[in-house]
Amino acid sequence: MAPTVERKQIDITPLKKANVPIIFIVGGPGSGKGTQCERIVKKYGLSHLSSGDLLRDEVKSGSARGGQLTKIMEAGELVPLEVVLDLVKEAMLKEVAKGSKGFLIDGYPREVKQGDQFEAEIMPARLALYFEVAEETLVKRCLKRAETSGRVDDNAETIKKRLKTFMQSTTPVVDHYAKKGKLVKINAEGGVDEIFGVVQQHLDKIFK
Ligand SMILES: Nc1ncnc2c1ncn2[C@@H]1O[C@H](COP(=O)(O)OP(=O)(O)O)[C@@H](O)[C@H]1O
Ligand SMILES: Nc1ncnc2c1ncn2[C@H]1C[C@H](O)[C@@H](COP(=O)(O)OP(=O)(O)O)O1
Ligand SMILES: [Mg+2]
């Protein structure tokens with residue numbers, strides 16, 4: 001049985017009231033989610049929340065929960081759904097207070113249940129952008145990133161485990177949003193500018 005995680009009471013009324021578009025950003029480790037989000041933020045001024053960054057910040061904060069999270073990330077596994085969802089909610093509320101125009105939720109959902117629970121507790125996502133990249137390219141990019149990232153999970157062994165987690169848990173997410181007619185699948189093997197060109201074709205329809 002999954003361990004019980006204590007949920008915080010978070011009042012998300014301001015988030016519901018804001019009713020701004022939410023875009024899920026999905027893709028394997030090293031698929032370029034963070035890189036494309038940076039470009040999207042520059043052009044559209046959306047709020048970019050990376051679940052991985054939120055978790056790494058939680059670790060840095062030195063909270064009791066932090067040590068546990070590092071172990072999970074080192075193992076290339078998924079952090080319990082409730083932990084991530086509560087961190088995302090809190091971060092979204094902070095952005096809404098600043099007058100957010102919309103959200104890029106990067107690295108989320110990583111399993112079908114995460115997406116369903118997010119949409120039930122917060123609101124439905126407008127789109128899921130999926131950056132499709134071959135496994136070989138993912139490994140190459142993560143190993144290159146390892147030279148400078150200082151991330152506990154950017155090493156050959158953990159990358160292998162993260163890819164396995166991605167194939168098992170996250171590829172069903174892609175099918176899930178395709179069935180809902182919300183999936184935008186983008187070939188992300190090319191250069192950053194080329195990929196961003198395709199991204200813009202889709203986002204220009206939503207954000208003017
Ligand atoms: N289109 C691309 N072509 C080559 N390298 C890329 C591309 N997009 C991102 N990268 C590089 O690959 C690594 C992973 O990108 P990142 O945006 O951190 O991916 P993710 O957030 O999906 O793990 C980074 O070192 C980044 O500079
Ligand atoms: N939505 C989520 N659910 C569960 N675990 C998550 C998560 N987002 C991130 N994590 C954990 C497990 C991941 O292997 C690790 C790093 O995530 P990340 O920074 O989004 O990686 P990347 O950008 O390379 O795809 O953090
Ligand atoms: Mg990232």
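Residues numbered from 1 in each chain as written. Chains lettered and ligands numbered in written order. Predicted model: local features only at pLDDT ≥ 70, side-chain atom pairs only at ≥ 80, totals over all residues. Heavy atoms only, no water.

- In the annotation of an unreviewed UniProt entry, the protein chain is listed under the name Adenylate kinase isoenzyme 1 and assigned to Diploscapter pachys.
- Turning to the protein chain, the UniProt annotation filed under Subcellular location (unreviewed entry) states: "Cytoplasm".
- Regarding the protein chain, the UniProt comment filed under Subunit (unreviewed entry) reads as follows: "Monomer." (UniProt positions renumbered as here; feature names shortened; annotations may be inferred.)

**Side note on the site of ligand 1**
Working step 1: With respect to spatial proximity, 14 residues lie near ligand 1, and among them G30, K33, T35, R145 and G190 are the closest.
Working step 2: One of the side-chain nitrogen or oxygen atoms of T35 is found 2.6 Å away from an oxygen atom of ligand 1.
Working step 3: Its free accessible area being 560 Å², ligand 1 has 72% of it covered by the protein chains.
Working step 4: Counting residues per element, the ones that place at least two in the shell around ligand 1 are helix 2 (33-44), helix 7 (135-149) and helix 9 (192-203).
Working step 5: Looking at the shell around ligand 1 element by element, the count peaks at three residues for helix 2.
Working step 6: Looking at the shell around ligand 1 residue by residue, the classes come out as three nonpolar, eight polar and three charged. (Near = heavy atom within 4 Å. Polar contact = N/O pair within 3.5 Å; in protein donor to acceptor, adjacent residues only side chain to side chain. Areas by Shrake-Rupley, 256 points an atom, 1.4 Å probe, with all protein chains shown as cover. Helix = DSSP H or I, 4+ residues; strand = E, 2+ residues; numbered from the N terminus. Nonpolar A, V, L, I, M, F, W, Y, C, P; charged D, E, K, R; others polar.)

**A closer look at the pattern of salt bridges**
Working step 1: Per the stated rule, a full pass over the model turns up 18 salt bridges.
Working step 2: E119 is paired through a salt bridge with K182; the nearest N and O atoms lie 3.5 Å apart. Of the two residues, E119 sits in helix 6 (residues 112-121) while K182 sits in the loop between helix 8 (156-179) and strand 5 (183-187), which places them 63 residues apart along the sequence. You'll find E119 and K182 in the same group, each marked buried. (Salt bridge = Lys/Arg side-chain N within 4 Å of Asp/Glu carboxyl O. Buried < 20%, exposed > 50% of the residue type's maximum accessible area, 1.4 Å probe, protein only.)

**Describing the site of ligand 2**
Working step 1: Taken together, 20 residues are adjacent to ligand 2, and K33, S51, R56, Q114 and R162 come closest.
Working step 2: Separating a nitrogen atom of ligand 2 from a side-chain N or O atom of Q114 is a distance of 2.6 Å.
Working step 3: Between ligand 2 and R151, the relevant distance is 3.1 Å, taken from an oxygen atom to a side-chain nitrogen or oxygen of the residue.
Working step 4: Protein burial of ligand 2: of its 550 Å² of free accessible surface, 96% is covered by the chains.
Working step 5: Among the residues forming the shell around ligand 2, the class breakdown is seven nonpolar, five polar and eight charged.

**Some points on the packing of aromatic side chains**
Geometry of an aromatic ring pair is reported as the spacing of the ring centres plus the angle between the planes.
Working step 1: Considering all chains together, one arrives at five aromatic pairs under this definition.
Working step 2: The interplanar angle of 50° and the centroid separation of 6.0 Å between the aromatic rings of F24 and Y108 together place this pair among those described as tilted. Taken as a pair, F24 in strand 1 (residues 22-27) and Y108 in the loop between strand 3 (103-106) and helix 6 lie far apart in primary sequence, 84 residues in all.
Working step 3: Given a relative accessible area of 0%, F24 falls into the buried group.
Working step 4: Note on Y108: relative accessible area 0%, which makes it buried.
Working step 5: Considering the side-chain rings of Y44 and F207, the 6.0 Å spacing of their centres and the 55° angle between planes classify their relative orientation as tilted. With Y44 in helix 2 and F207 in the segment after helix 9, the pair connects residues that are 163 residues apart, well separated along the chain.
Working step 6: Here Y44 falls in the buried class, since its relative accessible area comes to 7%.
Working step 7: Assessed through its relative accessible area of 11%, F207 is described here as buried.
Working step 8: Through a chain of ring-to-ring contacts, three or more aromatic side chains come together here, namely F24, Y108, F118 and Y177. (Phe/Tyr/Trp six-rings, centres within 6.5 Å; stacked < 30°, edge-to-face > 60°.)

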